Amino acid sequence: MEQFTGGGTSALTEYKATPAEQELADFTATILADTEDVWNELIQNYREPTLVLFSGRVSSACGFASSATGPFFCPADENVYIDLSFFRDMERKPGASEDFAQAYVVAHEVGHHIQKLMGITEKVQSQRGRISQTEYNQLSVRLEL
Ligand SMILES: [Zn+2]
C-alpha cells in the first residue's frame, strides 16, 4: 500500500457504494472514526484526513490510481483512498480475519497521514536525489513499517 505521490489534478466525484459494498463502506468509515478518536487525543488540533471510497479507478491530487494500486494515502490532498473492490477481494481470500485486515489497511493509511502532519514524509522526499537510490528505498520502506 504505497504512499502514492505522483503528480496530477484531483477531479473527485463521490463514489456510491453498491448494496454489496455498503457494509464495507460503513465499516471503513467506522474504523476511520476510531482512528480519529485516538489521534485527536494524541495530536493537538489534529487535521483529520478525508476518506474517499472508490472501486476500480480514481483520480487524486497524486494522479490516477487503479485497483492495482489498492488503498493509498495522497499527501497532496490528505485523502485516504480506499478501494472497495480491494476489500471485496480480501474477503474472498481464505484465512486472515477480514475485519482485522481491513481495519489494519485503514489504520496504515492514516499512519501515512500522521507522517505527513509530522513532516516525516517531506523529510524523506527531500532526500530524493541527495542520497543513493538504495538508501532512498530503505527510507521508503521505513515509512511503510
Ligand atoms: Zn503504506
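Before reading on, note that the structure itself is shown above.
J.: Lay out the nonpolar core with the relevant residues and their values.
T.: Grouped burial of nonpolar side chains is what soluble globular proteins tend to show. By size, the foremost hydrophobic cluster in this structure holds 19 residues, and its most contacted members are Ile82, Leu84, Phe87, Val106 and Val110. Breaking this core down by element, the ones donating at least two residues are helix H1 (19-42), strand E5 (79-83), helix H2 (84-92) and helix H3 (98-117). In terms of residues, this core owes the most to one element, H3, which gives 6 residues. Excluding residues that lie within four positions of it along the chain, Ile82 makes contacts with Thr28, Leu51, Val52, Leu53, Phe54, Pro71, Phe87, Val105 and Val106. Among the nonpolar cores identified, the runner-up in size contains 9 residues, and Phe54, Val58, Cys62 and Ala65 belong to it.

J.: Account for the sheet that holds strand E1 (residues 50-54), with residues named and values stated.
T.: Overall, mixed pairing links the 3 strands, which are arranged E1-E5-E4 in an open sheet. Of all strands in the sheet, those with a lone pairing partner are E1 and strand E4 (72-74), marking the two edges. Neighbouring strand axes in the sheet, compared pairwise and without regard to direction, differ in orientation by 25° on average. Pairing analysis gives 3 bridges linking E4 to E5, with the strands arranged antiparallel. When the bridges of E5 are listed, Phe73 appears paired with Val80. In the packing of H3 onto the sheet, the strands contacted are E4 and E5, and the crossing angle to E4 comes to about 25°.

J.: Can you lay out a negative patch on the surface for me, pointing to particular residues and giving the numbers?
T.: Residues Glu23, Asp26, Glu91, Glu98 and Asp99 make up a contiguous surface patch of negative charge. Only H1 and H3 provide two or more residues apiece to the negative patch. Within the element layout of this structure, Asp99 appears in helix H3. Taking relative accessible area as the criterion, Asp99 reaches 46% and is therefore assigned partly exposed.

J.: Got a sec to walk through the packing of H2 against H3? Specific residues and values, please.
T.: For the pair H2 and H3, interaxial distance at closest approach is 10 Å and the crossing angle is 150°. Taken together, H2 and H3 sit at an angle that is classed as roughly antiparallel. Read as a crossing pair, H2 and H3 show a hand that is right-handed. Residues Phe86, Phe87, Met90 and Glu91 of H2 touch H3, and the partners they reach there are Glu98, Ala101, Gln102, Val105 and Val106. Counted by class, the contact of H2 with H3 contains 6 nonpolar, 1 polar and 2 charged residues.

Procedures and definitions
- In this convention, every chain numbers its residues from 1, walking through the sequence in written order.
- A pLDDT threshold of at least 70 governs which residues receive local features in this predicted model, and a stricter bar of 80 or more applies before side-chain atom pairs are shown or counted, although totals over entire chains, interfaces and linings include all residues.
- To obtain the side-chain values, all non-hydrogen atoms of the structure were included, while hydrogens and water were left out.
- Throughout this description, the term nonpolar core refers to a set of buried Ala, Val, Leu, Ile, Met, Phe, Trp, Tyr and Cys residues connected via side-chain atoms within 4.5 Å.
- Only protein chains enter the area calculation, which uses a 1.4 Å probe; residues under 20% of their type maximum are buried, those over 50% are exposed, and those in between are partly exposed.
- Only DSSP runs of H or I with at least four residues qualify as helices, and only runs of E with at least two residues qualify as strands; both kinds are numbered from the N terminus onward.
- Note on contacts: a residue pair is in contact if any heavy atoms of the two residues lie within 4.5 Å.
- Pairs of strands are assigned from DSSP output, requiring at least two bridges between the strands.
- Where helices are involved, their axes are fitted lines through C-alpha atoms of the stretch in contact, as for all axes, and angles between N-to-C directions lie from 0 to 180°.
- Exposure above 30% relative accessible area and the absence of a salt bridge qualify a residue for a patch, where like charges join within 9 Å and nonpolar side chains (Val, Leu, Ile, Met, Phe, Trp, Tyr) within 5 Å.
- Methods summary: accessible areas were calculated by the Shrake-Rupley approach with a probe of 1.4 Å, and residue burial reflects only the protein chains presented.
- In the sections that follow, a salt bridge refers to a side-chain nitrogen of Lys or Arg positioned within 4 Å of a carboxyl oxygen of Asp or Glu.
- His is not counted here, nor are the chain ends, while Lys and Arg score as positive and Asp and Glu score as negative.
- Think of each charge as sitting on NZ of Lys, CZ of Arg, CG of Asp or CD of Glu.
- Put simply, angles under 35 degrees are roughly parallel, angles over 145 are roughly antiparallel, angles from 65 to 115 are roughly perpendicular, and the rest are oblique.
- For any pair of crossing helices, the crossing counts as left-handed if the nearer helix is rotated counterclockwise from the farther one by less than a right angle, and right-handed if it is rotated clockwise.
- In the scheme used here, Gly and all other residues not listed as nonpolar or charged are polar, with Ala, Val, Leu, Ile, Met, Phe, Trp, Tyr, Cys and Pro taken as nonpolar and Asp, Glu, Lys and Arg as charged.

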